[in-house]
Amino acid sequence: MNLIIFTTILLLGFTTYYFGRKKALLIQNTNTRLTALPKFYGYYLAIWCSIPAFIIFALWSIFEPTIVKLLVLTDYSNQGYQSDELNLIYEKTKSLARGFYSGEVTVFLEDSAAKYQNLKSIAINSKVVVVLSIIIASTLFAYKKISNNTRTREPVEKFLNAILFTSSLAAILTTLGIVFSLIFETIRFFSVIPVFDFIFGTHWYPAKTFVRDASAEIDPEMYKDAFGSVPLFAGTFFIAFIAMCVAIPIGLLSGIYLSEYASKNVRKYAKPLIEILAGIPTVVYGFFAALTVGPFLREIGINLGLEVSSESALAAGGVMGIMIIPFISSLSDDVITSVPQSLRDGSYAMGATKSETIKKVIFPAALPGIVGSILLGVSRAIGETMIVVMASGLAANLTFNPLESTSTITAQIVVILIGDQQFGDPKTQAAFALGMTLFLVTLCLNVFALKIVKTYREKYD
Amino acid sequence: MTKKEILLKKRYNSEKRFKLYGQFAIGFALLFLFIFLFKIFSTGFTAFQKTLLKVDVTYDKELLYLDENPTLEDLKDADYYELALKSMADLDPNATEEQQNQLKRMVSYIFDTEIKNHLLKNPDLLGQTSSVLLTASDDLDQVYKGNFPRDIPEKQRRVSDYQLKIYDQLVDDGKVISNFNFSFFTRADSREAELAGIASAVVGSFFTILVCLVISFPVAVLAAIYLEEFAPKNRITDFIEVNINNLAAVPSIVFGLLGLGVLLAIFHLPRSTSLVGGITLSLMTLPTIIIAARASLKAVPPSIREAALAMGASKMQTTMHHTVPLSMPGTLSGTIIGLAQALGETAPLILIGMVAFINTIPMSPMDPSASLPVQVYLWAESAERGFVEKVSACIMVLLGFLILMNLLAQIVRHKFETKWS
């Protein structure tokens, strides 16, 4: 039924466009000067015909279920049910009304089902009536307006402008969505687990809190020592550190080489080739780290007499570093290229060699931009998920030995949420709390890095 | 040598060294890329071949429990399992019961269906003997491709001595052949490596990207137009800008949490579907496309706008008729690159449940489906050797799509973009 109403609105919108245009042409035939191009008359009529009806339709569809539920449940309001019991009754009523119900049917339930069906049919009928009358009213209003040859272009453009503005709010809505989806679960998590335990606890073992029987009394002792996030933060920053140890020297040096030394031909081929590294999906890096790099490091370790776990922080961090190389190299390449030529010329004129110029003049001048690019790389390393999930361990060890396995925030989120989740379980909430901290940490890094890069750009523009 | 000359030499050496470091850094990055691609291709290309065993099957009416003149319907309904079992056992007439069991395990578990399909294609074969191509089991397939060493003790091998003996006999008779693995592209995922294919993952990825495109492209382009052409300079638009730049750098897994916490938990959209995956990824690609579209709008010279305004066009007409069409090539190529990123994204899809084992090919975005990167993850976590080459092959397909999309973006940019000098 909803689909039919929707298509009707759409079709009416299209037809009224032609109708409005024709009307404009008719007005023109009577030798009156039009206030806008004929198509704006069409747009005007079509917008008035479809948009108010569509808004009402959407609002109605959103609120109808809640209102019907309220009305059905008024019968039970003075019987002292809990809210989840009421929900259960309502679900039963709904399935009985649709004929899917297979449980025990009581008189109450039958009454409610009949009421539900009754309300539903009233709702659909009145929806059709309301939508249709709104279409008629608003179209008549707009038709009268264009018959009087009022201005049509300005309102249409105002409407388009409003649509453009609404679209630009999508970014804000997404951010709000992220914050809201994280914050409620996070608050619920911290109402069970003390913030202090989360920040300073050194044991992360959420599997410990698994309960077979959800209705059983929850033992608060169980949550002790299960949600201490220190090992995760340590693992995250440790792996990010290893990654940056690989990415910074290689990325920076190749950025410098490409911008200062490389001939046009080398630049033409080497730059896109290095950027391929940025386009490879992270799951592919993860597979490569787990299948090739990990065993390879283990082999070397055994030959050197070292104990190397086949899922080591070194394998994950190293491969992650290679993934980040192109970010640092192309950003620092841009930054170095934008250092004014006069600085170089001045240095050369004093007799400095190229490398001396780079080290003592260009690098300090470009430093803020380079720091910004490194920070963006760090934020990427912290947020990277698949490489760690596949190549480093899933158990959170508090260790700073690169040859052992550690886990990160992102990997733990995946471990907790893979498969079926139960909302309301502190384990699931823990994942959201971790997501919240991850979001905040990367947000701070990004804001900071973007600010540095921006002030740097303004300096030489 | 004077002190000065020594110093000069030192400085020149350090110059050379510095240049060498740079070359070394680039060389390292390229070497890794080369090793990486070589490793993936060398392990993956065998997955495009499939090993088949040529087995003689006698279509015996009695074993199929058919009467004298069966119709095609009867042939369809008959049970071929016993016949198939006997055909495999016939490979070695002296086999014990245990050995017969091993013989059965030399082919995939759908061998009765394969025998049935062969008969349905040529119904005249009933009562006659014909050689049928059966998909070899995953383990035998790996032996044929040389991935399983044969000289280690029997207990550590997945293929027994007896199976190897029969296998060698078949090889000598020229009854083991290798064909192009069509089923890798036409079948959905399976627990058996020899039967697993990427069809459901490819279709799922296609739907996901389609949903992502349909949602993110219009919204992003409209937002970019507003911010670049219409937005007054005030706090709200500043805030929107900062927001977009930050969203572009938010870790992808956070978008997965958003999909889980809002789309699944609040809006109750169906789990594991490409619809939810596409919406989640569209939120992620939104900032990328907005940034690309704004850059290409900015690149349209002001003279175009001024000319249109001078001819009496309104601001909206100037934008919609002149600026936006001229910026489209840049916007489109940015969109394609954003979609390519979305295609390779795994973590958010795992969180919204697209890791479920799906052995059907999805027909619409509302069906549960897999996606290519998640398929890579799933197979990489499987223990069987047969899946290693499948993962690499799946990666090759994924990389192939990514290369195609990036090429397309380049072509769009270079062919259609107006160069303003």
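For every chain, the first residue of the written sequence is number 1, and numbering continues from 1 onward in sequence order. Chain letters start at A and ligand numbers start at 1, both assigned in the order the entries are written. Residues qualify for local features only when their pLDDT is at least 70, as the model is predicted, and side-chain atom pairs are given and counted only at 80 or more; totals for whole chains, interfaces and linings, by contrast, use all residues.

**Points about the overall build of chain B**
Each helix corresponds to a stretch of at least 4 residues labelled H or I by DSSP, and each strand to a stretch of at least 2 residues labelled E; elements are numbered beginning at the N terminus. Helix and strand counts for chain B come out as 17 helices and 3 strands. With the radius of gyration taken over C-alpha atoms, the globule rule is written as 2.2 Å times the number of residues to the power 0.38. Its C-alpha radius of gyration of 30 Å places chain B more than 25% over the 22 Å reference for a compact globule of 421 residues. The principal-axis extent of the C-alpha atoms belonging to chain B is close to 90 × 80 × 40 Å. With 421 residues in all, chain B has 44% of them scored as buried. Contact between two residues is assigned whenever their backbone-derived C-beta positions fall within 7 Å. Long-range pairs, those at least 24 residues apart, make up 77% of the contacts in chain B with a sequence separation of at least 6. Burial in this document is a count-based property: other C-beta atoms within 10 Å of a residue's C-beta are tallied, and the residue is buried at 20 or more, exposed at 12 or fewer, or partly exposed in between, with C-beta positions derived from the backbone.

**Digging into the overall build of chain A**
Broken down by element type, chain A carries 16 helices and 0 strands. Its C-alpha radius of gyration of 32 Å places chain A more than 25% over the 23 Å reference for a compact globule of 461 residues. Counting every position in chain A, which comprises 461 residues, the buried fraction comes to 41%. In chain A, the proportion of contacts linking residues at least 24 apart, taken out of those at least 6 apart, comes to 77%.

**Quick notes on helix H6 (residues 170–192) of chain A**
In this model, H6 of chain A (23 residues) spans 34 Å end to end at C-alpha, consistent with the 33 Å of a helix rising 1.5 Å per residue. Ala170, Ala171, Thr174, Thr175, Ile178, Ser181, Leu182, Glu185, Thr186 and Phe189 of chain A are the residues of H6 of chain A that are buried. Each helix should span, by expectation, one fewer than its residue count multiplied by 1.5 Å.

**With respect to the domain arrangement of chain B**
Domain start and stop positions are those given by an automatic or database domain assignment. Domain boundaries assigned for chain B yield domain 1 (52–181) and domain 2 (199–416). Centre-to-centre, using C-alpha coordinates, domain 1 of chain B lies 47 Å away from domain 2 of chain B.

**Considerations on the domain arrangement of chain A**
For chain A, the domain assignment lists domain 1 (2–157) and domain 2 (230–460). Taking only C-alpha atoms, the centre of domain 1 of chain A and the centre of domain 2 of chain A are 52 Å apart.

**Quick word on the interface of chain B and chain A**
With 63 residues of chain B at the interface, the matching set in chain A holds 66 residues. In terms of residues, the side of chain B that touches chain A owes the most to one element, helix H1 (residues 3–44) of chain B, which gives 17 residues.

**What to know about the nonpolar core**
Ranked by internal contacts, the top residues of the largest apolar core, which has 179 residues, are Ala289 and Val319 of chain A together with Val376 of chain B. Excluding residues within four positions of it along the chain, Ala289 of chain A makes contact with Gly294, Ala315, Ala316, Val319, Ile387, Met390 and Ala391 of chain A. As used throughout, a nonpolar core is a set of buried Ala, Val, Leu, Ile, Met, Phe, Trp, Tyr and Cys residues joined through C-beta atoms within 7 Å of each other. Core analysis: the next-biggest nonpolar cluster, separate from the first, contains 23 residues, Val57, Phe111, Val132 and Tyr167 of chain B among them.

**Overview of the environment of Phe54 of chain A**
Residue and element names in this part refer to chain A. Of note, Phe54 is situated in helix H2 (residues 38–73). Phe54 sits in the partly exposed class, given 18 other C-beta atoms within 10 Å. Placed 44 residues apart in sequence, Phe54 and Leu10 show a C-alpha to C-alpha distance of 8.9 Å.

**Considering the environment of Phe230 of chain B**
Note that Phe230 of chain B resides in helix H9 (residues 199–230). Judged by the 16 C-beta atoms lying within 10 Å of it, Phe230 of chain B is partly exposed. Along the sequence, Phe230 of chain B and Leu30 of chain B sit 200 residues apart, while their C-alpha atoms lie 44 Å from each other. If sequence neighbours within four positions are ignored, Phe230 of chain B has contacts with Asn161 and Leu164 of chain A.

**Observations regarding the packing of H6 of chain A against helix H10 (residues 235–247) of chain B**
Fitting a line to C-alpha atoms yields each axis, with helices limited to the stretch in contact; the angle taken between N-to-C directions then spans 0 to 180 degrees. Relative to each other, H6 of chain A and H10 of chain B sit at 60 degrees, their axes nearing to 9 Å. In terms of orientation, H6 of chain A lies oblique with respect to H10 of chain B. Note on packing geometry: the crossing formed by H6 of chain A with H10 of chain B is left-handed. Between H6 of chain A, through Ala171, Ile172, Thr174 and Thr175 of chain A, and H10 of chain B, the contact on the second element is made entirely by Ile240, Asn243, Ile244 and Leu247 of chain B. Just so you know how the angles are binned, under 35 degrees is roughly parallel, over 145 roughly antiparallel, 65 to 115 roughly perpendicular, and the rest oblique. Left-handed describes a crossing whose near helix is turned anticlockwise from the far helix by less than a right angle; the clockwise case is right-handed.

**Comments concerning the sheet that holds strand E2 (residues 129–135) of chain B**
Residues and elements named next belong to chain B. Taking strand neighbours across the sheet as the criterion, the 3 strands line up as E2-E1-E3 in an open arrangement whose pairing is antiparallel. Sheet topology places E2 and strand E3 (176–180) at the edges, where each strand pairs with a single neighbour. Strand-to-strand, the axes of this sheet are offset by a mean angle of 40 degrees, without reference to chain direction. A strand pair is defined by DSSP finding two or more bridges across the two strands. With 7 bridges joining them, strand E1 (residues 49–58) and E2 adopt antiparallel strand pairing. Bridging across to E2, Leu53 finds its partner in Leu134.

**Overview of unusual backbone geometry**
Its identity as a non-glycine residue notwithstanding, Asn31 of chain A has a phi of 65 degrees, on the positive side. Residue position: Asn31 of chain A is located in the loop between helix H1 (2–29) and H2.

**Notes on helix H16 (residues 372–381) of chain B**
Burial analysis of H16 of chain B places 9 of its 10 residues in the buried class, which makes it a mostly covered element. Leu372, Pro373, Val374, Gln375, Val376, Tyr377, Leu378, Trp379 and Ala380 of chain B are the residues of H16 of chain B that are buried.

**Let's talk about the packing of helix H10 (residues 282–303) of chain A against helix H11 (residues 313–337) of chain A**
Residues and elements named next belong to chain A. Direction vectors running N to C along H10 and H11 enclose 135 degrees, while the axes themselves pass 9 Å from each other. Between H10 and H11, the crossing angle belongs to the class labelled oblique. Seen along the crossing, H10 lies across H11 with a hand that is right-handed. Each of Thr282, Tyr285, Phe288, Ala289, Val293, Gly294 and Leu297 in H10 lies in contact with H11, whose residues at this interface are Leu314, Ala315, Ala316, Gly318, Val319 and Met323. Per-class residue counts for the contact of H10 with H11 are 10 nonpolar, 3 polar and no charged. Following the grouping adopted for this structure description, the nonpolar residues are Ala, Val, Leu, Ile, Met, Phe, Trp, Tyr, Cys and Pro, the charged ones are Asp, Glu, Lys and Arg, and the polar ones are all others, Gly among them.

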